[in-house]
Amino acid sequence: MVDAKGRNMKCLTFFLMLPESVKSRSSKSSKTASPSGSSKLPPVCYEIITLKGKKKKKMAADTFPAKKSPSGSNTGSSAVTSCTTTTSSTTSSTVHEYQQQNLNNNNTIQNCNWQGLYSTIRERNSVMFNNELMADVHFLVGQPGGAERLPGHRYVLAVGSSVFHAMFYGELAENKGEIRIPDVEPAAFLAMLKYIYCDEIDLSADTVLATLYAAKKYIVPHLARACVNFLETSLSAKNACVLLSQSCLFEEPELTQRCWEVIDAQAELALRSEGFCDIDAQTLESILQRETLNAKEIVVFEAALSWAEAECQRKEIPLSIDNKRKVLGEAVYLIRIPAMALDDFANGAAQSGVLTLHETNDIFLWYTAAKKPELQFASEPRKGLSPQRCHRFQSCAYRSNQWRYRGRCDSIQFAADKRVFIAGFGLYGSSCGSAEYSARIELKRQGVVLGQNLTKYFSDGSSSTFPVWFEYPVQIEPDTFYTASVVLDGSELSYFGQEGVTEVQCGRVTYQFQCSSDSTNGTGVQGGQIPELIFYA
């Protein structure tokens, strides 16, 4: 039943059915209440529920709004009466985000039947997250001078972490009201508390490493696993070296292996990233001695010099050549300088000043002399990674009027069931003798260009495929379709594939193919160009 103003009369009926003594007491208390909210009679808390289908799930902020300034009054809440809240705000911007998410942080709730508003223990525990209500322990989190004081509840924390259980209820438990935690960032500690109280995982690129550290320290394994999954998903050449260092510190072998896969396949990008300069000396040595790095040795040398400069700054010593050599130490001999091209050595390493005069002379002799001197540097080139090829056609052919190129696009979509790195495409060449083609290759995901290159290749007139490479290998996520495209410019007709298949097993990787709407020159699943994907796995 609804009145003229659209209010549900069942709510009114519920109120009218209350005992007269309760209603009169409530009326009297509301009329005589002082501005401070005090009353001689104990306050009454009502929860008036409208029965209109499904009830919208309430957030903590809706139930316990922050108190307005003394100059204003808050009269807009009719759902909960006689409920007084007191909010004490924190000053740190680090904690502010979590306060906004919970909005009842550090609130003291008096005489309010808030428990009745939540149907599950999980929701009621969530109200306690970062809340002063019933808090029986406090944490000073962060470095001195920037620490944040956060409330906690021993029972909830002990249920969520064996470390907290031992801290509060173990044989050596100490009954401290305030616990200092200087080695954990406040935002990371709050992320861990949010998981313990609310069963919610809230991670960001800025806090995930610190949260992983907190989860490891307090033995919260499911949160730690979520952090590792987040890192694996966001792993790229830009952060692979830093994550490699951290994964070794946190003893996460799966993450370590993923980091190595990225560093090996996209070595030059990883070595030139800013994160490479932030790694520790042990991680530097492990990268420099890596046999499977897909990088020119001059790039490895330049990366080592950049790291040395950063290390001098960390140690607060002058950026001199001698100091760079000093911080590199024995790691300099892990750089395979004799494996460089002679031009790279003469114009780069030999003039860097990092090598001694004796070392420079010996390396020049190693390049030119019949009797080569003994060197402390490794001289064998790195093996790198062996590229694999996924061929999608069972045969190829040519006709007098196909396959012609007039600036039109040949394109195909593909997906892999494992994470791989696409290094380039294999393309067909001329069917009328040797010829040169100009090729603009491109790799996209949902319209976003991930890699492209403009290059040329020479075909010898055979039906073989000819590789065309991207500048850097492109990381491909599993079970996601990507678009491979090429625009060829050449006067001669070429071979083309036929009897194409939609699924190809290539080693441990399975590829699926489908037609692309970008293709304007006839290439599709059954036939056309782009017969091969060249990749590292």
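What am I meant to see in the confidence of the model for the protein here?
Chain-level pLDDT for the protein is 82 on average; 79% of the residues reach the 70-or-more range. The element-level mean pLDDT for the protein is lowest in strand S1 (residues 84-87), coming to 34, with strand S17 (residues 532-536) highest at 97.

How should the nonpolar core be read in this particular structure?
General note: in soluble globular proteins, nonpolar side chains tend to be found buried as a group. Counting residues in each nonpolar core, the largest one holds 92 residues, and the members touching the most others are Phe139, Phe189 and Ile337. With 36 residues, the next largest nonpolar core counts Ala397, Ala416, Val509 and Phe513 among its residues.

Honestly, unusual backbone geometry in this entry has me stumped. Any pointers?
Outside of glycine, negative phi angles account for most residues, and trans bonds account for most peptide bonds. The backbone phi angle of glutamate 316 is positive, close to 60°, even though this residue is not glycine. Structurally, glutamate 316 can be placed in the loop between helix H15 (297-314) and helix H16 (321-328). One non-glycine residue, glutamine 446, lies in the positive phi region at around 50°.

Any chance you could explain the sheet that holds strand S5 (residues 178-181) here in plain terms?
Hydrogen bonding along the main chain pairs the strands of a sheet, whether they run parallel or antiparallel. One open sheet accounts for three strands, arranged S4-S3-S5; its pairing is mixed. Edge positions in the sheet fall to strand S4 (148-152) and S5, since each of these pairs with one other strand and no more. This sheet shows a mean twist of 25° between the axes of neighbouring strands, independent of strand direction. For strand S3 (residues 137-141) and S4, the ladder comprises five bridges, and the chain directions are antiparallel. Bridged to valine 141 within S4 is glutamate 148.

The rules we used
All residue numbers refer to position in the chain's written sequence, counted from 1. pLDDT decides what is reported in this predicted model: residues at 70 or higher carry local features, side-chain atom pairs at 80 or more are listed and counted, and totals for whole chains, interfaces and linings draw on all residues regardless. Excluded from the side-chain calculation are hydrogens and water; included are all heavy atoms of the structure. A score from 0 to 100, pLDDT tells how confident the predictor is in each residue. Under the scheme used here, helices are H or I runs from DSSP no shorter than 4 residues and strands are E runs no shorter than 2 residues, and both carry numbers assigned from the N terminus. Nonpolar core, defined: a set of buried Ala, Val, Leu, Ile, Met, Phe, Trp, Tyr and Cys residues in which side-chain atoms within 4.5 Å join the residues together. Relative accessibility under 20% of the residue-type maximum defines a buried residue, over 50% an exposed one, and the middle range a partly exposed one, all with a 1.4 Å probe and only protein chains included. Two strands pair if DSSP finds at least two bridges between them. In this description, a line fitted to the C-alpha atoms serves as the axis of each element, helices being fitted only across the stretch in contact, and the angle between N-to-C directions of two axes falls anywhere from 0 to 180 degrees.

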